[in-house]
Each structure stands twice: as C-alpha cells, then as structure tokens.
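# Fold and contact review
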Amino acid sequence: FPFQSAMMETRHVLRLPCSVWGISESEGVSAYGTETNMVPVFSTQHLSPNREIVILTANEIYKLYVLRPIEQLRSLLAKFTADSDQVSAFFKLLRQGQASAMCVHLASDTNHRVAAGAAQCYFRYGGEPKILSPSVPPEDRTNPQVYLGKAVVGPDILYSDKLHGLGLYLSRILRPLWKTPLVQRTHGVLFEPLFNERTLELIRERLLHLRDFLDTNPSLRNAPSPLEPISTNTSLNSSLFKSTLHSNLDTTDPSHHRQLQDALRYESGQFQSLYHIADLSIELMSLLSLLCQHRLPLIVQALSKEQQQDLTIMTYSDLLLVCRQVTTALLSALLARYQFAATSHLQISYIPE
C-alpha cells in the first residue's frame, strides 16, 4: 500500500517455541468449490471464508488467518471512523466500486459499529453520477438542436461507485450459478441437480442482505422528480445529499441542477433494475431449494419431453431471465407432487410467484 505508512505492506516472522509436526490449510464452506484458487480474491471473498492455516506442534495447535481486502476493511471500521485517514486511504487505493462492494457486504455485519461504518463509507466515498453529454440525435451528438421525428440517443452518464459497487456485489453473489447447467442426465434417464441446498442457502442469505440494504436506503431507487428541488426535504438519503453537495456541479446554476437531477434519475433506474434481479433471484433460490427437497428427478419426469430437453442445456441465468415457461412447468409439477403426497402434516410454507 504505497504512500500510506498506516497501510504499508509488511512481513512478520512467527517463532514457535517447539518443533512443528504438520501444517495444513483448513477447508471452509465455499459456494465456489475448487474454483476459489483460480479467480481473484475480490471475486470470491463475499461467498468464501478467509484462508485458515493450522499448525500442529508438539505442545499445541496454532491457527493463522490470511486477511483478504474485506477483512482488512472490517478491521479498519472496527477501529476507526468512516472519515479517518486510514479508511480514506483504503478507498483511494481501491477504485471502480471495489471498496463500495465490500461496504454492501459489511453493512449486514453482526458488529453494529462495523455495519454502521460500512453504510457511512458507502455514501461518503461512493460519489454521485454525472452526465458527460446530454441526449442528442445520433446524427450530430455535438449539436444541441432538437430533430423532430428522429431517434434520440440517451445521455452519456458516468455512474457513481455506489452503483458500480452494488452491481459488482450482486454479480459476485450470483456468479457460482449464473452460467452453470441446472441438471445433468445420469444413466440416460434421471436428472440430477448440479447445485446443492447448502450453496443455494448461502447465496440466498447474501441476496436477502442485499435486498435489506436497498430497502433500508430507498433513496437509491427513488430519485427526485424533474420539478423537485434538491434539498434536505427530498426523499434522498441524508448521506447521499451531503455527498451531492460536494459535487463538482454547481447546484445554484439551473442547467447544472437539471443535469444533476437527470443523472440521479437515470442511476435510480439502474438501482431499481438491480433490486428487481435480486428479488427474482431470491424467489428462484427458494423454488430450487424446494425442488431439491422433493426429489428433482421425479419432478422433472412430469415435464414434457421438449421441456426436459431444454432443461438439460439450461443455465440459471436462462431460467431467471428468459425461460419463464419452464419455471412455471416446474412449479406446477412441484404442486402436483405435493398433492400426490399430501398428508395432514404436509403444507406449502412458501412458493415464489
């Protein structure tokens, strides 16, 4: 970590009082499986435990933990405030939403000080969107003249690190399943799932925390109306309002004020889209868990031959975004199995729409 003595990279030699009998790395529960060692730590740290080295000696057992960036930020927030030089240096070092993605994760931390500090950092260092060029016709992007009856290209927007960070966090949560096939044929007949309930529950838990974060900060998805002045009486989160006042745009200028409102409005639409994807993913995770609990091979057999063939080449992203008919068919087959095995104690506790 250059230029900051408080975050300088160091090395430390641990001297043990006795001979070492063995050294091994403990394997934690990860949604990525063996893939963890093949991708950058930034992409896996939200769903994987940090590395734990176990050292067995003649007298006792030592455990060493390798701190990843997210543990480093957590340690800083546990000791310092969001406006401290140490935390500020961390955000200057990690750009393009990387640190903001960690803040979204740490906002659900069990340590209240860490969670509150992460939420403050997210708005303090996340910046605000800016319009680089207004909406103009494609024939002449530099000409402000309005062409009636011609297509208008949307403005070039530099989105904030708040949006980049939340998008990174959501994509990294869904990454283990996004392009993974849902089922595979075994013995030519049975359809075995390529995911397990443990992974689904871990991802669903992270998605619930993400949705709770967006519900707690509704200003991210609710931009001011075109005629609404930017003031402390708006629906904007107070932290977002404070960061907006420090923008390079002069909010006293009507044109700059309008550009700022337009940028916030465009970005709030992106936040709403991410919220919709997270909400649908939570419902789909619940459905997949139910399918695993009630023997997916038997449920798939109730589908048509064409739907079974589609399911063998289908990924999670296909099921979420385009293959609604297959999702409906799986849900209907699940309900039929409930009715077939109906007993006095069997109830449907939750079925996603």
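Placed above this text is the structure.
Residues numbered from 1 in each chain as written. Predicted model: local features only at pLDDT ≥ 70, side-chain atom pairs only at ≥ 80, totals over all residues. Heavy atoms only, no water.

This part covers the pairing of strand β2 (residues 52–57). Relative to β2, strand β1 (residues 20–26) runs antiparallel, the two sharing six bridges. Across the sheet, residue Glu25 finds its bridge partner in β2, namely Ile53. Where β2 lies against strand β3 (residues 61–65), five bridges are found, and the strand directions are antiparallel. Bridge pairing in β3 links Ile53 to Leu64. Between β2 and the antiparallel strand that follows it, β3, lie three residues. (Pairing = 2+ DSSP bridges. Helix = DSSP H or I, 4+ residues; strand = E, 2+ residues; numbered from the N terminus.)

Moving on to unusual backbone geometry. Despite not being glycine, Arg295 has its phi angle at roughly 60°, a positive value. Among the secondary structure elements, Arg295 is positioned in the loop between α9 (254–293) and α10 (296–300). According to the relative accessible area criterion, Arg295 is exposed, its value standing at 52%. (Buried < 20%, exposed > 50% of the residue type's maximum accessible area, 1.4 Å probe, protein only.)

Our next topic: the pattern of salt bridges. The full count for this structure, using the stated rule, is six salt bridges. Linking Arg211 and Asp279 is a salt bridge whose minimum nitrogen-to-oxygen distance equals 2.5 Å. Here the residue Arg211 occupies a position in helix α7 (residues 197–216), and Asp279 occupies one in helix α9, the gap between them amounting to 68 residues. Taking the relative accessible area as the measure of exposure, Arg211 reaches 21% and is therefore partly exposed. One salt bridge connects Arg265 with Asp262, and the closest N-O pair in it is separated by 2.3 Å. Placement of the pair is Arg265 and Asp262 together in helix α9, with a separation of three residues, close to one helical turn. Look at Arg265 and you get partly exposed, because its relative accessible area is 27%. Taking relative accessible area as the criterion, Asp262 reaches 23% and is therefore assigned partly exposed. (Salt bridge = Lys/Arg side-chain N within 4 Å of Asp/Glu carboxyl O.)

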